[in-house]
Amino acid sequence: MRDLLYKNLTSADRSRRMISSSEVTDKEGVHSVVRRHFACMVRQVASPDVKKPDPYFYVLKERNTLQKRERFFCKVKGSLVAVNRGRFFLIVFMHTLTIQLTASEKLTGKTG
């Protein structure tokens, strides 16, 4: 079985956008949940020498063999300056990915 959820949200002035998806599957005794998020914000700046936020990268991996559970989390933040028709734009973005794997209840014998 596979369940998919997809959201695409854009602000009225189109300067902010968020896209997220979630996928839930049960396959071969493994229940997996994968969540992806992307957010970006665009604003016009006076010059390409604008102070940009520092890039950021974070990864976390957890494994719990007693509870038969694994989790992976990754977050990336960054920014760039783009030029369109002679105007400069600062684009700030963030990506996150979360993966959770657990033993299926059918396999472990748990109920409820």
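Relevant structure appears above.
Before going into details, it helps to say that this report is about the structure given with it. (Residues numbered from 1 in each chain as written. Predicted model: local features only at pLDDT ≥ 70, side-chain atom pairs only at ≥ 80, totals over all residues. Heavy atoms only, no water.)

1. Some details on the packing of aromatic side chains
Working step 1: All told, the structure shown has one aromatic pair when counted by the stated rule.
Working step 2: A cation sits over an aromatic face here: K77 above Y56, 5.6 Å from the ring centre. (Phe/Tyr/Trp six-rings, centres within 6.5 Å; stacked < 30°, edge-to-face > 60°. Lys NZ or Arg CZ within 6 Å of the ring centre and 35° of its normal.)

2. Considerations on the side chain of S11
Working step 1: Mapped onto the fold, S11 is located in the loop between β1 (2-10) and β2 (16-27).
Working step 2: For S11, a relative accessible area of 16% corresponds to the buried category.
Working step 3: Polar contacts involving the side chain of S11 include one to the side chain of D13, which spans 2.8 Å. (Helix = DSSP H or I, 4+ residues; strand = E, 2+ residues; numbered from the N terminus. Buried < 20%, exposed > 50% of the residue type's maximum accessible area, 1.4 Å probe, protein only. Polar contact = N/O pair within 3.5 Å; in protein donor to acceptor, adjacent residues only side chain to side chain.)

3. A few points about the sheet that holds strand β3 (residues 30-45)
Working step 1: Spatially, six strands are ordered β1-β2-β3-β6-β5-β4 in an open sheet, and the strand pairing comes out antiparallel. The two strands at the open ends of the sheet, each matched to only one other strand, are β1 and β4 (56-64). Direction aside, the axes of adjacent strands within the sheet are offset by 10 degrees on average.
Working step 2: Direction of pairing for strand β5 (residues 69-84) relative to strand β6 (residues 87-103): antiparallel, over a ladder of 16 bridges. Among the inter-strand pairings, V81 is bridged to a residue of β6, identified as L90. (Pairing = 2+ DSSP bridges. Axes fitted to C-alpha atoms, helices over the stretch in contact; angles between N-to-C directions.)

4. Structural notes on the pairing of β2
Working step 1: As paired strands, β1 and β2 are joined by nine bridges and run antiparallel to one another. Each residue of the ladder has a partner; that of K7, found in β2, is S20.
Working step 2: Taking the residues that link successive antiparallel strands as the turn, the β1-β2 hairpin has five residues, and the phi of R14 there is positive, at about 60 degrees.
Working step 3: As defined by bridge partners, β2 adjoins β3 across 12 bridges and the pair is classed as antiparallel. Each bridged residue has a counterpart across the sheet, and for S20 the counterpart in β3 is H37.

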